[in-house]
Amino acid sequence: MLMGLMIGYLKFHAYPLFAPEALIVVIAVGGIGILLGLLPAFQGPTNLRAFILGLILLWFLDLQFSSNAEFRNLFSGDHNLPAWAIFTIGIAAGFAAFMAILSMREHIATIFVTVFAVFFLSTLLIPGSSIKFGKEDMATSSGRSSDASLTVHLVLDGHIGIEGIPVDLAGGLETKEALLRFYERWGFRLYGGAYSPYLMTLNSVSSVLNGVVTEKDLLNVENGRRPGRAYRLIENAYFRTVLESGRTIRVFQSDYVDYCDYAQAPVESCHTYPVSSINALAGAEVGAVAKARLILDSFLRRKSISGKFYGSFVERPFYSSVAARDVFIALRDDILANPRGNLFFGHMMLPHDPYVWDQQCRIRPDTRQWMSRRPDHADLTTLGTAEYRKKAYADYFEQVHCVTKLLDALFTSMDEEGLMQDATIIIYGDHGSRITLRDPIIAYRDLATKSDYVDSFSTLFAIRTPGTEPGYSSELRPLPNLFAEHVSRRPAPMGGQNLYLRKDHRVEQRDLMPVTMPAFGPDKRPAN
């Protein structure tokens with residue numbers, strides 16, 4: 001029973017079934033299944049044995065139905081069920097299973113063995129649906145000029161801005177100076193005072209690409225339609241403009257935001273890498289036992305009744321940034337193979353947490369030391385501590401150095417092929433590091449300090465084009481306005497210096513609260 005579910009889980013995430021960690025997990029789950037199967041066989045009252053068997057059956061059904069999208073939606077978004085509702089559902093379902101087993105007790109063993117044997121064999125032998133990762137050819141290019149210029153457009157998720165770097169923490173000043181030297185050496189125009197009006201990726205990327213700043217949450221964003229894609233943009237004015245210019249678009253994206261499923265601006269090539277799938281672990285240079293633990297925790301924490309309870313005791317497995325390093329290599333190879341007439345758009349989950357890479361881009365082998373911006377990878381309502389912030393920033397700075405190293409390797413390869421001279425390169429973040437004591441959400445708007453706001457909203461913006469003068473500006477500038485000025489050439493969005501706070505971490509459509517972005521500096525007083 002459990003082995004069939006585990007194999008189906010691995011297959012759905014396109015995880016190699018014969019990888020050592022996959023075999024460890026399947027054997028471990030099989031052992032748990034055997035132990036559970038022996039429980040109803042002990043000599044005891046019939047009603048008690050039926051009750052135990054009913055609980056096991058209920059758990060199986062809970063895990064099985066959690067693969068259904070409608071069932072999963074009960075535990076997120078607008079339907080986020082409270083604990084009492086989950087408890088009531090569990091009691092009712094358990095009672096129904098108990099009564100069913102009592103009524104069929106003479107034949108229940110035969111029924112169970114037959115049903116679960118068929119389930120296991122069908123899961124093992126019949127190909128099922130699975131998430132697709134890697135490169136997909138999405139459209140056929142037409143009329144592209146080989147003389148057209150090259151554009152590289154990178155969103156570095158969670159990259160804090162230059163002026164926002166906390167230089168009072170160990171490694172902060174060195175990181176700031178290293179970034180300044182790097183972007184100066186490659187001839188970029190760098191805006192150290194850039195900031196995003198939004199705390200969350202979905203709002204930020206949609207705002208920049210569509211040139212709209214609004215109090216409406218999730219504008220032009222909806223749930224993904226393709227298997228394994230969490231969300232997608234339903235409007236992308238920037239992509240449409242690129243296509244109208246005669247260039248084609250080649251996308252490197254995570255499975256969190258889908259930029260490729262957009263009929264009005266079809267992309268030519270779409271390379272998707274995992275951040276919310278255990279597939280991200282497949283190529284990670286860590287031990288098989290560590291991977292097996294993360295896979296098992298992910299399996300047990302699925303959006304289900306049992307997963308809700310399990311998640312109360314075990315921290316959430318976290319591997320958003322694990323696959324991102326190799327995406328830089330794939331991007332470089334694609335640029336060198338298709339150097340002209342293309343926009344290469346990449347949304348890189350770096351330096352986003354967890355902080356798994358050291359400054360030489362070597363992965364930290366102990367997965368238990370993969371720090372997040374929040375203790376136990378918790379949500380926006382969880383308070384941090386000064387000590388945790390200090391430790392998290394130390395690892396975050398190393399991951400920023402890793403990103404810079406990857407960018408340097410990319411630019412060096414392009415330069416060796418003569419591509420840097422007339423290339424347009426756009427690099428920016430979607431929000432800050434978000435390593436805060438209190439996340440600036442509506443509930444904490446008067447308690448969050450200036451450093452909390454800066455940590456959350458300060459972000460990178462750098463551009464290099466043949467017509468842009470290199471240099472540095474520390475002026476406080478909204479990210480959508482900088483993009484409109486330097487890239488889309490459209491009027492700046494009307495948002496002033498506002499930030500737009502959300503209620504909490506849940507992703508759902510609600511109005512946001514505007515507040516004023518505080519000036520960067522050491523002042524720790526709450527922002528107005």
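Everything here concerns the structure above.
Residues numbered from 1 in each chain as written. Predicted model: local features only at pLDDT ≥ 70, side-chain atom pairs only at ≥ 80, totals over all residues. Heavy atoms only, no water.

(A) Layout of the packing of helix α12 (residues 324-337) against helix α13 (residues 386-416). Where α12 meets α13, the closest approach of the two axes is 10 Å, and the angle between their N-to-C directions is 10°. Put simply, α12 runs roughly parallel to α13. The residues of α13 that touch α12, namely those facing R325, F328, L331, R332, I335 and L336, are L406, L407, L410, S413 and M414. A class-by-class count of the residues in the contact of α12 with α13 yields 8 nonpolar, 1 polar and 2 charged. (Axes fitted to C-alpha atoms, helices over the stretch in contact; angles between N-to-C directions. Helix = DSSP H or I, 4+ residues; strand = E, 2+ residues; numbered from the N terminus. Parallel < 35°, antiparallel > 145°, perpendicular 65-115°, else oblique. Contact = heavy atoms within 4.5 Å. Nonpolar A, V, L, I, M, F, W, Y, C, P; charged D, E, K, R; others polar.)

(B) Representation of the sheet that holds strand β6 (residues 231-233) in the model. Strand order in the open sheet formed by 3 strands is β5-β6-β8, and the pairing between neighbours is mixed. Strand pairing shows two members of the sheet lacking a second neighbour, β5 (221-223) and β8 (257-258), which therefore form its edges. Pairing analysis gives 2 bridges linking β6 to β8, with the strands arranged parallel. Counterpart to Y231 in the pairing with β8 is V257. Helix α8 (residues 201-210) contacts β5, β6 and β8 of the sheet and is inclined by roughly 10° relative to β6. (Pairing = 2+ DSSP bridges.)

(C) Geometry of empty space enclosed by the protein. Here the structure, examined in full by the defined rule, presents 3 cavities of 30 Å³ or more. Taken as a whole, the largest cavity holds about 60 Å³ of empty space. Taken together, Y198, N203, S206, S207, N210, V212, T214, K216, L219 and N220 make up the full set of residues lining the largest cavity. Its volume calculated, the second largest cavity comes out at about 40 Å³. For the lining of the second largest cavity, a count of residues per class yields 3 nonpolar, 5 polar and 3 charged. (1 Å grid on protein atoms, 1.4 Å probe; cavity = no way out; pocket = protein on both sides within 12 Å on 5 of 7 lines; lining within 4 Å. Points joined across faces, edges and corners; volume = space filled by probe spheres on them.)

(D) Structural detail: the sheet that holds strand β7 (residues 248-254). Spatial strand order, β1-β9-β7-β10-β2-β11-β12-β3-β13: 9 strands in an open sheet with mixed pairing. Of all the strands in the sheet, just β1 (134-137) and β13 (471-473) have a single pairing partner and so form its edges. The average undirected angle you get between the axes of adjacent strands in this sheet is 10°. One ladder, built from 2 bridges, connects strand β3 (residues 189-191) with strand β12 (residues 461-464); its direction is antiparallel. If you follow L190 over to β12, its bridge partner there is A462. Packed onto the sheet, α12 meets β2 (151-156), β7, β9 (269-273) and β10 (342-348) and runs at close to 175° relative to β10.

(E) Here's a closer look at the environment of T436. Looking at where T436 falls in the secondary structure, it is placed in the loop between β11 (424-429) and α14 (450-457). It is 9.4 Å that separates the C-alpha atoms of T436 and Y388, two residues lying 48 residues apart in sequence. Each residue touching T436, except ones within four places of it in the same chain, is listed here: R374, G384, R389, D452, D455 and S456. Polar side-chain contacts of T436 include one of 3.0 Å to the side chain of D439. (Polar contact = N/O pair within 3.5 Å; in protein donor to acceptor, adjacent residues only side chain to side chain.)

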